[in-house]
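Observations on the three-dimensional arrangement
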Amino acid sequence: MAPEPPSEVQIRVSSRRSGKTIHPVDVDSTSSQAPAPVPAPASTYSPVSFREIKHLKNWFPWLIPSFVVANVVMFGITMYVNDCPKNSVSCVAGFLGRFSFQPFKENPLLGPSSSTLEKMGALDVSKVIHKHQGWRLITCIWLHAGVFHILANMLSLLVIGIRLEQEFGFVRIGLLYLISGLGGSLMSALFIQYNISVGASGALFGLLGGMLSELITNWSIYANKVAALLTLVVIIVINLAVGILPHVDNFAHIGGFLSGFLLGFVFLIRPQFGWVSQRYVPPGYLSTSAKSKFKMYQCILWIISLILLIVGFTVGLVLLLRGVDANDHCSWCHYLSCIPTSRWSCNTQPVSCLSDQIGDQITLTCSNSGKSSTYMLANATTSQIQGLCSQLCR
């Protein structure tokens, strides 16, 4: 008599993040409506080979560390160009030579002057609009205002980015990071048009937004779903709340987060385990039923998010290039970036001074506050006068 077909085997994939192993196991006959088949003779069985599932494999993270190195190198180049001893009256950590920092009163983050950041590619809306320097929307995310700024951003990037790159690969996470950074710059440019902006915070918030949408679109594979969602939401809310402090560009955070949230539905969608299992059933075994690769709600979220991204970026760029100030159409939106209190002011007007020079004596008067001060400075350069003005007006 002909041997009976081999017993059906399913591939079980662990849904927990810590392990992505596959286990061929016999289906419990009590859970099936069909009668249990008679196993074939031992001679007809072949050893089960464990195969890596490419849809769930761990990637080697190299892009995120490369981004960190690139940011650190750019900060070093910025400090070299800044050359504080040559362009300022006083410096912090003078033993570092031309890598020393601007005075605390001018830059409390231990970094370069605003004029140096502008020279290196900081986001300056007037130059984007009137001088067609749209590249500043991208270059600004590779610059940082100081040591504290870059340390906070790069540590966050390593913690968040490496895990995402291990799970989704360098292409998707790289695109998520860069497009979110552009989204953050675009939002910032529409609302903050009188100061320069730098930093990778928008791109970082894009990664956080992507993590949230990935949790939502791949909801069924998670254990402890509600706990994971609440933890992530608390982290996002705390980080956005920090943005209401002065001198923090919360519009870049919000724009990056919204971009990353929508991009997560597009880039970080995972196939159903049932579909993955039937793709990797060992030869000689039959699959119980055909499974679609994605669930219906995943496809709907993918389409809606893609449409919103295209429309949002298109409208934002058109408004920016037309010189639209979004604050003119939203009287309360400025509170999203800074809430004034008795302890700090949210004045974002650009700093300027009137100068009067007699010999080596220079008198500066701050146009914003009316404060004035006299300095003795031989052969004063424009950079030195700008630095003194910045310190006087703060």
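Everything numeric here is computed off the predicted structure, so don't read it as measured data. In this convention, every chain numbers its residues from 1, walking through the sequence in written order. Totals for whole chains, interfaces and linings use every residue, but because this is a predicted model, local features are given only for residues with pLDDT of at least 70 and side-chain atom pairs only at 80 or more, for both listing and counting. For side-chain calculations, the full set of non-hydrogen atoms in the structure is used, while hydrogens and water are omitted.

Each nonpolar core is a collection of buried residues, namely Ala, Val, Leu, Ile, Met, Phe, Trp, Tyr and Cys, held together in the definition by side-chain atoms within 4.5 Å. Per-residue accessibility, obtained with a 1.4 Å probe over protein chains only, is compared with the maximum for each type, and a residue is labelled buried under 20%, exposed over 50%, and partly exposed between these values. Counting residues in each nonpolar core, the largest one holds 53 residues, and the members touching the most others are L157, I173, Y177, L207 and L320. Excluding residues that lie within four positions of it along the chain, L207 makes contacts with L157, I160, G161, L164, I173, L176 and Y177. Ranked by size, the runner-up nonpolar core spans 8 residues in total, among them L364, C366, L377 and L388. Pairs of residues are marked as contacts when any of their non-hydrogen atoms sit within 4.5 Å.

This paragraph deals with the state of the cysteines. In a disulfide, the sulfur atoms of two cysteines are covalently bonded to one another. Any cysteine sulfur atom paired with another within 2.5 Å is treated as part of a disulfide. One pass over the full model with this rule turns up 2 disulfides. In this model C84 forms its disulfide with C91; the gap between the sulfur atoms is 2.1 Å. Disulfide C84-C91: the torsion about the S-S bond is -105°, which places it as left-handed. Looking at C84, the relative accessible area reads 0%, which means it is buried. C330 shares a disulfide with C333; S-S distance 1.8 Å. The disulfide joining C330 to C333 has a torsion of about 80° about its S-S bond and is therefore right-handed.

All axes are obtained by fitting lines to C-alpha atoms, using only the stretch in contact for helices, and the reported angles, taken between N-to-C directions, cover 0 to 180 degrees. Strands are runs of DSSP state E lasting at least two residues, helices are runs of H or I lasting at least four, and both sets are numbered from the N terminus onward. At a minimum axis separation of 8 Å, helix α1 (residues 63–82) and helix α6 (residues 147–168) run at an interaxial angle of 165°. The angle between α1 and α6 falls in the class roughly antiparallel. Classified by chirality, the crossing of α6 by α1 is right-handed. Contact residues: L63, I64, P65, F67, V68, N71, V72 and F75 in α1; V147, I150, M154, L157, L158, G161, I162 and E165 in α6. Should an angle fall under 35 degrees it is called roughly parallel, over 145 degrees roughly antiparallel, and 65 to 115 degrees roughly perpendicular, with every other angle called oblique. Handedness of a crossing follows from how the near helix is turned relative to the far one, being left-handed for an anticlockwise turn of less than a right angle and right-handed for a clockwise one.

By definition here, a salt bridge exists when the distance from a side-chain nitrogen of Lys or Arg to a carboxyl oxygen of Asp or Glu is within 4 Å. Within this structure, the stated rule accounts for 5 salt bridges. The residue R270 makes a salt bridge to E167 at a minimum N-O spacing of 2.7 Å. A residue pair is termed long-range when its members are at least 10 positions apart, and R270 in the loop between α10 (250–267) and α11 (273–279) and E167 in helix α6 qualify at 103 residues. As far as burial versus exposure is concerned, R270 and E167 are alike and both buried. It is possible to trace a salt-bridge network through shared partners that takes in R163, E167, E214 and R270.

So, on to a nonpolar patch on the surface. Distance thresholds for patches are 9 Å for like charges and 5 Å for nonpolar side chains (Val, Leu, Ile, Met, Phe, Trp, Tyr), applied to residues having over 30% relative accessible area and no salt bridge. To be clear on the numbers: accessible area is Shrake-Rupley with a 1.4 Å probe, and residue cover counts the displayed protein chains and nothing else. The grouping of W59, F60, W62, F170, V171 and L175 at the surface amounts to a nonpolar patch, some 600 Å² of accessible area in total. As for its position among the elements, W59 is in the loop between β2 (22–26) and α1.

The next subject is the sheet that holds strand β4 (residues 361–366). Read from one edge to the other, the open sheet built from 3 strands follows the order β3-β4-β5, with strand pairing classed as antiparallel. What marks the edges here is a single partner per strand, and that holds for β3 (353–358) and β5 (372–376). Each neighbouring strand pair of the sheet contributes to a mean axis angle of 20°, computed without reference to strand direction. Two strands make a pair as long as DSSP finds a minimum of two bridges between them. Pairing between β3 and β4: 6 bridges, direction antiparallel. Paired with I358 across the bridge in β4 is Q361.

Moving on to the side chain of R136. Mapped onto the elements of the fold, R136 is located in helix α5 (residues 136–139). E118 provides the closest opposite charge to the buried, salt-bridge-free R136, at an N-O distance of 5.6 Å. Here a polar contact is taken to be a pair of N or O atoms separated by no more than 3.5 Å, where protein atoms must pair a possible hydrogen donor with a possible acceptor and residues adjacent in sequence count only if both atoms sit in side chains. One polar contact links the side chain of R136 to the main-chain carbonyl oxygen of A122, over a distance of 2.7 Å. Polar contacts involving the side chain of R136 include one to the side chain of Q133, which spans 2.6 Å. Counting rule for charge: Lys and Arg are taken as positive, Asp and Glu as negative, and neither His nor the chain ends is counted.

With that settled, consider the environment of I303. Relative to the assigned elements, I303 resides in helix α12 (residues 296–321). On a C-alpha basis, the gap between I303 and V266 in space is 8.0 Å, while along the polypeptide they are 37 residues apart.

Quick look at α12 now. In an α-helix, one turn spans 3.6 residues, which is why side chains three or four residues apart end up on the same side. Here the expected length of a helix is defined as 1.5 Å per residue gap, with one fewer gap than residues. In this model α12 runs 38 Å from its N-terminal to its C-terminal C-alpha over 26 residues, within 8% of the 38 Å that 1.5 Å per residue would give. If you check which residues of α12 are buried, you get Q298, S305, L309, F313, G316 and L320. At its buried positions, α12 is contacted by α4 (125–130), α5, α7 (170–191), α8 (201–217) and α10. G323 occupies a position one or two residues after α12 and carries a positive phi of about 80°.

Where α7 meets α12, the axes come as close as 10 Å, and the angle between the chain directions of the two elements is 40°. Taken together, the axes of α7 and α12 are oblique relative to one another. The two elements α7 and α12 meet at a crossing, and its hand is left-handed. Of α12, the residues touching α7 (which contributes I179, L182, G183, L186, A189 and L190) are F313, G316, L317, L319 and L320. Throughout, the ten residues Ala, Val, Leu, Ile, Met, Phe, Trp, Tyr, Cys and Pro are labelled nonpolar, Asp, Glu, Lys and Arg are labelled charged, and all others, Gly among them, are labelled polar. A breakdown of the residues in the contact of α7 with α12 according to their chemical character gives 9 nonpolar, 2 polar and no charged.

Turning to the side chain of N71, a few remarks are in order. Residue position: N71 is located in helix α1. A residue is classified by how much of its surface remains accessible, and N71, at 0% relative accessible area, is buried. Polar side-chain contacts of N71 include one of 2.7 Å to the backbone oxygen of F67. When residues no more than four places from it in sequence are discounted, the contact partners of N71 are I141, W142, H144, I150, M154 and Y177.

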